[in-house]
Amino acid sequence: MTQLGTAARPLRVAVVGAGPAGLYAAQALLDRPDLLLTVDVLNRFPTPFGLVRDGVAPDHQSIKAVTRVLERTLADPRVRFLGNVTYGVDLHHRDLKRFYDQIVYAVGAQADRRMSVPGEDLPGSFPAISFVGWYNGHPDYRDLPVDLDCERAVVVGNGNVAMDVTRMLVRSPDELAGTDMADYALAALRRSRVREVVVLGRRGAAQASFTTPEVRELGRIEGVDVAVDPADIELDEASRAGMEEDRTAKANLRQLQEYAARPPGSAPRRITLRFLTSPVEVLGNGRAAAVRVERNRLEVDPNGGLRSKGTGRFEVVEAGLVLRSIGYRTVPIEGVPFDPATSTLNNIAGQVVHPSTGEVAPGEYAAGWAKRGPTGKIGNNKPDSASTVAAMLADLPELNGVADDHRDPAKVDAFLRRRGVDVATYTDWQALDAHERAAGAAQGRPRVKLCTVPEMLEVIQRAR
Ligand SMILES: Cc1cc2nc3c(=O)[nH]c(=O)nc-3n(C[C@H](O)[C@H](O)[C@H](O)COP(=O)(O)OP(=O)(O)OC[C@H]3O[C@@H](n4cnc5c(N)ncnc54)[C@H](O)[C@@H]3O)c2cc1C
């Protein structure tokens, strides 16, 4: 057997998903001086970078600078970007297996976890990730019927995404006007009547999963008061003991205590952070109008952790917009075993494994949020993808490559052409990027995003 990855037989790799995890995995392969290979990076949209484009908040532009690093991977002559190609629609499992020796699935975690309470699907009650996609110009959410004609919004969840959506709802549109937020979202926020955002944490202040800079940032938004009820952040014995070794929890608590000590403010907008409170129903006649919430207490679970338990004390919080931000999950993809317990692609250390037999799917791997679940920042994906690549390299001596007459990259092009797919190449993305940046420069903004695939393809086709 000719060793894959050598001059005699260069390795052919497909990376599905051009988010941070997919691009870090591609880069880790390219960084191996001994490996001869070509990598095709497939992506659903003509735009690469996954959640860096569609998730990271518009008022955190500096974080998006990471795209300059990720872009270097796409510019490598050994890499091809195949944008506007959806795995499972334009190209199936059997096709990938036919054209590529190794496949890395890095499709992210783009569905929300549900609250499972009555009324959750009323108009006006959305997953936070859809709202994020809406303000970021993600083509799937461009038409989300967001109605900001209400005075109060409730955000359910205590993570950093909850902090992001809260900021977007109260920050002055004039500040956001200098960002790459989608134009229609900016226009809607200018008309917004939202004056208060109530953030609900199921557990206590010591268990909140936001990080300190994010909760601190809330208190620095111009024209916004942050309210915390001192009684809400008093800790029980178990929470106090549990945060002994947890520096983030301690720093969060200090920040929350500082908010609680502030005298009542008179700013035009307000964020109220509440803890030990769970939604039990979204109320409304045809659309969300309020959330019925239950007060919780903490109890020790069998594993020694702290879980929330309803106390039977209820109240109603009026709100015309309800955003749930209680976690994300990977959507199962065609031909790849899925673990419903963790909502990730079934894998062991990045190697795709069949759950029933424990057998490895040869040449198939997972990376990023699809591999380990929706945790960690952009940079955390780099070492994680490198560990997937280590597994890929370890497998090479034993791996049977694809048939010789299928490994020519032109075969993939011809296949996609026959299926009528208008593949957006890296050059196409550069044209689109230049177009968006030029439109942004005219308005003193980083870019003006195109928010539908047909609009993107139109610009691309004009530039070809
Ligand atoms: C709202 C939000 C804000 C965040 N803000 C920050 C932040 O400020 N700072 C920070 O460090 N981290 C932030 N993160 C975390 C960071 O975005 C993730 O760590 C990272 O994006 C995960 O990378 P990924 O490649 O696994 O997934 P993704 O970034 O989701 O990339 C997955 C890619 O796969 C593509 N894809 C999916 N399905 C298919 C298919 N069937 N066929 C082809 N392509 C497909 C998608 O289009 C996408 O391009 C944020 C996350 C969220 C949700």
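Residues numbered from 1 in each chain as written. Predicted model: local features only at pLDDT ≥ 70, side-chain atom pairs only at ≥ 80, totals over all residues. Heavy atoms only, no water.

**Student:** Quick rundown of the sheet that holds strand 2 (residues 37–43)? Include the residues and the values.
**Tutor:** Spatial strand order, 3-2-1-4-20-19-18: 7 strands in an open sheet with mixed pairing. The open sheet is flanked by strand 3 (79–83) and strand 18 (347–348), the only strands paired with a single partner. With 6 bridges joining them, strand 1 (residues 11–16) and strand 2 adopt parallel strand pairing. Bridging across to strand 2, leucine 11 finds its partner in leucine 37. With respect to the sheet, helix 1 (residues 20–30) is in contact with strand 1, strand 2, strand 3 and strand 4 (102–105), its orientation differing from that of strand 2 by roughly 175 degrees. (Pairing = 2+ DSSP bridges. Helix = DSSP H or I, 4+ residues; strand = E, 2+ residues; numbered from the N terminus. Contact = heavy atoms within 4.5 Å. Axes fitted to C-alpha atoms, helices over the stretch in contact; angles between N-to-C directions.)

**Student:** Could you give an account of the pattern of salt bridges, with specific residues and numbers?
**Tutor:** As enumerated under the stated definition, the model contains 46 salt bridges in all. Between aspartate 384 and arginine 372 there is a salt bridge whose closest N-O contact spans 3.1 Å. Of this pair, aspartate 384 sits in helix 13 (residues 381–395) while arginine 372 sits in helix 12 (residues 369–372), placing them 12 residues apart in sequence. Assessed through its relative accessible area of 13%, aspartate 384 is described here as buried. Overall, arginine 372 belongs to the partly exposed group, its relative accessible area being 27%. Of the charged contacts, one joins glutamate 436 and arginine 447 as a salt bridge, the two residues approaching to 2.7 Å between their closest N and O atoms. Of this pair, glutamate 436 sits in helix 15 (residues 426–441) while arginine 447 sits in the loop between helix 15 and helix 16 (453–463), and the two are 11 residues apart along the sequence. (Salt bridge = Lys/Arg side-chain N within 4 Å of Asp/Glu carboxyl O. Buried < 20%, exposed > 50% of the residue type's maximum accessible area, 1.4 Å probe, protein only.)

**Student:** Break down the sheet that holds strand 10 (residues 269–274) for me, citing the residues and quoting the values.
**Tutor:** Reading across the sheet, the 6 strands line up as 6-14-7-8-10-9 and stay open at both edges, with parallel pairing between neighbours. Since the sheet does not close on itself, it has two edges, and those belong to strand 6 (125–127) and strand 9 (224–228), each with one partner. On average, each strand axis in the sheet is inclined to that of its neighbour by 20 degrees, with strand direction left out of account. Of the strand pairs in this sheet, strand 6 and strand 14 (residues 321–324) are connected by 3 bridges, and their pairing is parallel. Counterpart to phenylalanine 126 in the pairing with strand 14 is leucine 323. Across the sheet, helix 5 (residues 128–135) touches strand 6 and strand 14, and the angle it forms with strand 6 is around 85 degrees. Contacts from helix 11 (residues 247–261) reach strand 9 and strand 10, with the element oriented near 105 degrees to strand 9.

**Student:** Residue-level account of the packing of aromatic side chains, with values.
**Tutor:** Taken as a whole and assessed by the stated rule, the structure comprises 7 aromatic pairs. A ring pair is formed by phenylalanine 49 and tryptophan 429, whose centres lie 5.9 Å apart and whose planes are at 85 degrees; its orientation type is edge-to-face. Residue phenylalanine 49 is found in the loop between strand 2 and helix 2 (51–54), and its partner tryptophan 429 is found in helix 15; the two are separated by 380 residues along the sequence. As far as the burial class goes, phenylalanine 49 and tryptophan 429 line up, both buried. (Phe/Tyr/Trp six-rings, centres within 6.5 Å; stacked < 30°, edge-to-face > 60°.)

**Student:** How would you explain the site of the ligand if you had to name every residue and give the values?
**Tutor:** Taken together, 29 residues are adjacent to the ligand, and Asn43, Leu51, Tyr87, Trp369 and Ile378 come closest. Backbone polar atom of glycine 376 to an oxygen atom of the ligand: 3.1 Å apart, as the coordinates give it. One nitrogen or oxygen atom from the side chain of asparagine 381 is found 3.1 Å from an oxygen atom belonging to the ligand. Within the complex, the protein chains bury 93% of what would otherwise be the 1,000 Å² of accessible surface of the ligand. Among the residues forming the shell around the ligand, the class breakdown is 15 nonpolar, 11 polar and 3 charged. (Near = heavy atom within 4 Å. Polar contact = N/O pair within 3.5 Å; in protein donor to acceptor, adjacent residues only side chain to side chain. Areas by Shrake-Rupley, 256 points an atom, 1.4 Å probe, with all protein chains shown as cover. Nonpolar A, V, L, I, M, F, W, Y, C, P; charged D, E, K, R; others polar.)

**Student:** I'd like a description of the side chain of aspartate 54, backed by residues and values.
**Tutor:** Tracing the sequence through the fold places aspartate 54 in helix 2. No salt bridge is formed by the buried aspartate 54; the nearest opposite charge belongs to arginine 53, separated by 4.1 Å. Once residues lying within four places of it in the same chain are set aside, the contact partners of aspartate 54 are Val132, Gly133, Asn136 and His138. (Lys, Arg positive; Asp, Glu negative; His and termini not counted.)

**Student:** Kindly report on unusual backbone geometry, identifying the contributing residues and their values.
**Tutor:** Even without glycine at this site, serine 116 takes up a positive phi of about 55 degrees. Locating serine 116 in the fold gives a position in the loop between strand 5 (111–112) and strand 6. The class of serine 116 is exposed, set by a relative accessible area of 61%. For alanine 349, which is not glycine, the phi dihedral falls at a positive 50 degrees. Assignment of secondary structure puts alanine 349 in the loop between strand 18 and strand 19 (351–353). A relative accessible area of 57% means that alanine 349 is categorised as exposed.

**Student:** Go over helix 8 (residues 183–191), please, and point to the residues and values.
**Tutor:** Of the residues making up helix 8, those classed as buried are Tyr184, Ala185, Leu186, Ala188 and Leu189. Looking at the buried side of helix 8, the elements it contacts are helix 5, helix 6 (160–170) and helix 7 (173–176).

**Student:** An account of the packing of helix 3 (residues 66–75) against helix 15 is needed here, citing residue identities and associated values.
**Tutor:** It is the contact of helix 3 with helix 15, at a shortest axis distance of 10 Å, that shows an interaxial angle of 145 degrees. For the element pair helix 3 and helix 15, the recorded crossing hand is left-handed. Touching Glu71, Leu74 and Ala75 of helix 3 are Tyr426, Trp429 and Gln430, all from helix 15. For the contact of helix 3 with helix 15, a count of residues per class yields 4 nonpolar, 1 polar and 1 charged. (Left-handed = near helix turned anticlockwise from the far one by under 90°.)

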